[in-house]
Amino acid sequence: MLNEMQPFTAFMDVESSRSYIDDLYSPDMNKCLSSIICIKNSVIGSNRQKESVIAQGIVPRLIHLLKDNTMKSCVRIEAALTIGSLAKGTDEHVELLINSGIVQTVLEALDEFDPMLVDACICCLRTLASQEHYSIHSKFSVKDMQKLLSLTSPIASLQRRSCIATILTSACKTVTEQNNLCFIGGPAALGFLLSLDTPSIRIPVATCLASMCLNNPHVAKEIVNTSYRDVKIVDYLSLMICRDKPVEMQLEAARCLTNLHRAGAILALDPMITYKTLPCLVRHCQVEHSIAQRAMAAETLAYLTEVDSNLQQIAAISNHLPSALLDLITCGSVAAKIAAFRAFASLAADEEDIRKRIISTKCLMVQVAEALNDQNKDVNLAAMRCLHSLSRSVQQLRTTFQDHSVWKPLMTVLAGDTTKEMILAASSTLCNLLLEFSPVKEPLMQQGAIQVMSNLTTYSDPAVRLNGVWGLMNLTFQAEQRVKSQILNTLGTDQIFRLLADSDVGVIMKTLGLLRNLVSPRTHTDAMMALHGTQVMQAVVLVLEGPHSPEVKEQALLILSSIADGDRAKDHIMINEDILKKLVDYMTHPAPCLQESAVFCIGNLSRIGEPGALERQLKLREFGAVNILQQLMGTSDTLSFNRLKLTLSNFTDV
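Everything quoted here is computed from the prediction, not taken from an experiment.

Parameters at a glance
Residues numbered from 1 in each chain as written. Predicted model: local features only at pLDDT ≥ 70, side-chain atom pairs only at ≥ 80, totals over all residues. Heavy atoms only, no water. Helix = DSSP H or I, 4+ residues; strand = E, 2+ residues; numbered from the N terminus. Rg over C-alpha atoms; globule rule 2.2 N^0.38 Å. Buried < 20%, exposed > 50% of the residue type's maximum accessible area, 1.4 Å probe, protein only. Contact = heavy atoms within 4.5 Å. Salt bridge = Lys/Arg side-chain N within 4 Å of Asp/Glu carboxyl O. UniProt positions renumbered as here; feature names shortened; annotations may be inferred. Axes fitted to C-alpha atoms, helices over the stretch in contact; angles between N-to-C directions. Parallel < 35°, antiparallel > 145°, perpendicular 65-115°, else oblique. Left-handed = near helix turned anticlockwise from the far one by under 90°. Core = buried A, V, L, I, M, F, W, Y, C linked by side-chain atoms within 4.5 Å. Nonpolar A, V, L, I, M, F, W, Y, C, P; charged D, E, K, R; others polar. Polar contact = N/O pair within 3.5 Å; in protein donor to acceptor, adjacent residues only side chain to side chain. pLDDT = per-residue confidence, 0-100. Disulfide = S-S within 2.5 Å.

Asker: What should I look at first to understand the overall build of the protein in this one?
Answerer: When you go through the protein residue by residue, the secondary structure sums to 42 helices and two strands. In terms of overall size, the protein is more extended than a compact globule, its C-alpha atoms giving a radius of gyration of 34 Å where 654 residues would be expected to give roughly 26 Å. On the principal axes, the C-alpha backbone points of the protein span a range of 115 × 55 × 50 Å. For the protein, the residues scored as buried account for 55% of the 654 residues in total. Long-range contacts, defined as pairs at least 24 residues apart, comprise 68% of the intrachain contacts of the protein with a sequence gap of at least 6.

Structure, rendered in structure tokens:
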């Protein structure tokens with residue numbers, strides 16, 4: 001909502017404000033024109049005056065004047081310029097203008113023949129399109145985009161072309177819009193504009209191309225294959241990265257090439273990426289550039305290196321990058337801090353030696369810990385993602401993470417009311433910190449990690465559920481029996497069954513991994529099955545009878561193999577003839593993984609020298625296990641043959 005209307009002080013130096021407002025509605029075009037010019041001059045550079053004009057209800061009249069083609073062109077032009085000035089006000093001012101239908105009014109005015117009116121409307125539209133908080137992309141139809149492209153002809157002014165590139169950037173935010181702009185000839189038109197050696201044109205055109213191909217392989221490929229005068233768009237972009245070009249041009253070209261690469265149109269090994277784009281971004285992260293430029297370079301670098309370990313390695317050893325990024329974190333700019341943390345997260349995503357180098361950067365972990373408690377949620381998330389990447393280091397889990405206690409804010413984040421992205425990043429990090437060799441595993445459990453991870457398994461988002469189960473699976477690996485019982489009691493068998501019926505295969509697989517850890521190693525098998533055997537067997541049957549892939553059912557069979565490795569736990573299988581029949585059937589399954597797992601389980605059940613072995617061997621022979629083992633001995637696989645031979649030797653006494 002707008003603040004309470006302020007006095008219309010813009011007119012205090014004239015006869016009266018009311019008379020000038022009245023003149024705005026006068027049928028006398030000269031009076032109307034004078035009034036608009038007065039209003040326009042009063043609002044330039046003053047949000048307070050803009051608010052007064054808007055609060056007095058003048059905007060609808062300005063829109064009406066712009067739409068009225070019976071008005072003198074000069075009146076309509078001044079109306080467009082005044083609206084454009086109002087659009088440079090606060091977010092509330094922009095919201096009101098957009099909700100008033102100004103975008104469609106200005107677009108319709110582009111059909112006029114007066115070039116000065118068209119230019120005024122384009123400038124107004126460019127101002128609206130440049131707003132960060134109120135995107136106008138949904139206001140553009142394909143016809144509107146075609147109209148804008150047609151206005152970039154060789155006879156158009158440089159200002160018009162620059163404005164249209166900015167407008168089109170805001171008109172292609174969704175995949176559909178990107179595809180539409182591509183279909184009507186966007187790449188070709190923008191390629192022509194890119195050929196003009198003028199920074200005021202090239203910079204917004206590169207921005208538009210970057211927006212157009214973001215996460216869109218089809219459009220990215222079309223852009224890469226588009227040429228103007230036998231020069232490809234990517235070659236123009238490559239020239240724009242050169243050191244002698246303006247910094248803004250270099251950064252926008254690098255961002256466009258980065259988006260083309262991430263959309264699959266340019267390979268990471270392409271010299272344009274490895275030897276031009278990457279060095280350009282690393283270079284502009286250095287302290288000699290402005291904070292805004294460094295932030296943009298770091299943000300783009302984070303996206304460029306996020307999924308490619310080769311690019312991560314090259315960047316990490318380039319030009320003291322870690323120290324430059326650390327300086328960016330401490331510079332005081334929120335945007336710069338977020339960009340630097342994201343860059344660190346990408347660089348540390350895959351390679352252990354890079355993580356070690358990054359963590360050894362002086363005071364970085366202190367900055368990460370502080371950022372996790374920052375008031376800005378975006379800073380929290382960027383720091384958490386950085387922490388997640390660093391937590392993949394086995395060596396650092398044993399040392400640095402314990403020394404700096406960066407794990408402490410995790411529990412607060414996961415227990416509080418936060419965003420899905422933050423929960424996902426925090427839970428992913430926590431999964432790593434709960435690995436068996438992590439020294440902070442025990443303190444985390446003391447702070448309620450088991451309950452937190454169990455709660456995560458109930459989230460609607462499958463990625464969060466997966467992390468919850470994954471963390472519990474990590475906790476159960478080689479854990480004490482009391483910890484396993486605590487996990488099982490906290491999670492509850494009903495929730496385990498729900499997870500095994502989950503729509504996400506990853507969740508099912510990790511739940512089976514959790515169950516397998518619960519009944520392993522052999523020293524825990526009998527005790528765990530004595531306490532929870534009925535529920536575990538029900539879970540195995542649920543999976544074996546379900547419509548699952550061989551890879552999922554293999555995990556269920558491996559759980560049975562662990563159960564069959566116990567002394568008394570074997571009875572849970574042997575008294576269940578349905579399970580025994582399934583085991584024998586899987587011995588001849590066409591999927592090798594199921595066949596091998598079934599044979600392995602039969603081997604554990606029939607192992608000689610154990611109490612009750614003879615009775616189990618006889619029962620398994622009755623079910624046909626021996627005959628099938630003999631049939632399978634014809635395999636040409638040496639490893640399988642040896643396993644079959646060993647299993648068959650268990651039945652020599654029956």
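Asker: Where do I start with the pattern of salt bridges in this structure?
Answerer: Working definition: two side chains of opposite charge can pair if their charged atoms are close together. If you walk through the whole model with that rule in mind, you get 24 salt bridges. Shared partners join several salt bridges into a network, and the residues in it are Arg522, Asp565, Asp567, Lys570, Arg607, Glu610 and Arg616.

Asker: Even after reading the chapter, I still don't get the UniProt feature "repeat: ARM" (unreviewed entry) in the protein, so can you show me in this structure?
Answerer: Following the UniProt record, the feature "repeat: ARM" (unreviewed entry) maps to residues 57-101 here. In residues 57-101, helix accounts for 71% and strand for 0%; the two terminal C-alpha atoms are 15 Å from one another.

Asker: Is there a simple way to think about the UniProt feature "repeat: HEAT" (unreviewed entry) in the protein in this case?
Answerer: Here, the residues flagged by UniProt with the feature "repeat: HEAT" (unreviewed entry) are residues 58-94. Strand forms 0% of residues 58-94 and helix 73%; the C-alpha atoms that close the span are 14 Å apart.

Asker: What is the right way to read unusual backbone geometry from this model?
Answerer: Excluding glycine, residues mostly carry a negative phi; peptide bonds, for their part, are mostly trans. The step from Ser520 to Pro521 runs through a cis peptide bond, and the omega angle for that step is -5°. A positive phi angle, close to 55°, is found at Asn215, a residue other than glycine. For Asn215, the position within the fold is in the loop between helix H13 (199-213) and helix H14 (217-224). Judged by relative accessible area, Asn215 falls into the exposed class, the value being 53%. At Arg229, a position not held by glycine, the phi torsion is positive, near 55°. Note that Arg229 resides in the loop between strand E1 (227-228) and strand E2 (231-232).

Asker: Help me out: how do you make sense of helix H32 (residues 481-491) in this one?
Answerer: Count 3.6 residues to each turn of an α-helix, and residues three or four apart come out pointing the same way. When H32 is considered as a whole, its buried residues turn out to be Val483, Lys484, Ser485, Ile487, Leu488 and Leu491. Of the residues trailing H32, Gly492 is marked for its positive phi of about 85°.

Asker: How should I be thinking about the packing of helix H2 (residues 29-43) against helix H5 (residues 73-86) in this particular structure?
Answerer: When two helices pack together, their arrangement is given by the angle between the helix axes and the distance between those axes. At their nearest, the axes of H2 and H5 sit 9 Å apart, and the two run at 20° to each other. Classified by the angle between their axes, H2 and H5 sit roughly parallel to one another. Viewed along their axes, H2 and H5 form a crossing whose handedness is left-handed. From H2, Met29, Cys32, Leu33, Ile36, Ile37, Ile39, Lys40 and Val43 reach across to H5, where they touch Cys74, Val75, Glu78, Ala79, Leu81, Thr82, Ser85 and Leu86.

Asker: What should I look at first to understand the environment of Gln538 in this one?
Answerer: Of note, Gln538 is situated in helix H35 (residues 522-544). A relative accessible area of 41% places Gln538 in the partly exposed class.

Asker: Looking at this structure, how should I read the environment of Gly45?
Answerer: As for its position among the elements, Gly45 is in the loop between H2 and helix H3 (47-55). In this structure Gly45 comes out as exposed when scored by relative accessible area, which is 77%. Along the primary structure Gly45 and Leu66 are separated by 21 residues, whereas in three dimensions their C-alpha atoms are 22 Å apart.

Asker: Quick question: what am I supposed to make of the nonpolar core here?
Answerer: The biggest cluster of nonpolar side chains holds 224 residues, and the ones touching the most others in it are Leu237, Leu260, Leu560, Ile563, Ile573 and Leu583. Of all the elements, helix H8 (residues 115-129) adds the most residues to this core, at 10 residues. When sequence neighbours within four positions are dropped, the list of residues in contact with Leu237 reads Leu194, Ala206, Ala253, Cys256, Leu257 and Leu260.

Asker: Please explain the packing of helix H34 (residues 505-518) against helix H36 (residues 550-564) as it appears in this structure.
Answerer: Orientation of H34 relative to H36, taken along the N-to-C sense of each, is 10°, at an axis distance of 9 Å. Classified by the interaxial angle, the pair formed by H34 and H36 is roughly parallel. Of H36, the residues touching H34 (which contributes Val505, Ile508, Met509, Leu512, Leu515 and Arg516) are Glu551, Val552, Gln555, Ala556, Leu558, Ile559 and Ser562. In terms of residue class, the contact of H34 with H36 is built from nine nonpolar, two polar and two charged.

Asker: Before we go on, may I ask you to explain helix H23 (residues 364-372) in this structure?
Answerer: Taking burial as the measure, the nine residues of H23 include seven buried ones, the bulk of the element. Looking only at H23, the buried set comprises Leu364, Met365, Gln367, Val368, Ala369, Ala371 and Leu372.

Asker: In this structure, what is going on with the side chain of Asn216? I would like to understand it.
Answerer: Its place among the elements puts Asn216 in the loop between H13 and H14. Reaching out from Asn216, the side chain makes a polar contact with the side chain of Asn179 at a distance of 3.0 Å. Non-local contacts of Asn216, meaning those with residues more than four positions away in its chain, are made with Val175, Gln178, Asn179 and Ala263.

Asker: I keep staring at the confidence of the model for the protein and nothing clicks. Help me out?
Answerer: Segments scoring low in pLDDT should not have their predicted coordinates read at a detailed level. Taken residue by residue, the protein gives an average pLDDT of 90. The fraction at 70 or more is 95%. The low-confidence segment residues 1-16 (pLDDT under 50) makes 31 contacts with residues lying over four places distant or belonging to another chain.

Asker: Got a minute to help me understand the environment of Asn179 in this structure?
Answerer: Mapped onto the secondary structure, Asn179 falls in helix H11 (residues 175-183). Exposure remark for Asn179: the relative accessible area of 29% places this residue in the partly exposed category. Asn179 sits 39 residues away from His218 along the chain, and the two C-alpha atoms are 7.9 Å apart. The residues contacting Asn179, other than those within four sequence positions of it, are Asn216, His218 and Val219.

Asker: Looking at this structure, I do not really get the side chain of Thr525. What am I missing?
Answerer: Along the chain, Thr525 turns up in helix H35. Polar contacts involving the side chain of Thr525 include one to the main-chain carbonyl oxygen of Pro521, which spans 3.2 Å. Setting aside residues up to four positions removed in sequence, Thr525 forms contacts with Val519, Ser520, Ser562, Ile563, Gly566 and Ala569.

Asker: What is the right way to read the state of the cysteines from this model?
Answerer: When the sulfur atoms of two cysteines share a covalent bond, that bond is a disulfide. Counted under the stated rule, the structure contains zero disulfides. The thiol sulfur of Cys242 is not disulfide-bonded, and the nearest other cysteine sulfur, from Cys280, lies at 9.5 Å. Here Cys242 falls in the partly exposed class, since its relative accessible area comes to 30%. Free of any disulfide, Cys363 has its nearest neighbouring cysteine sulfur in Cys386, separated by 14 Å.

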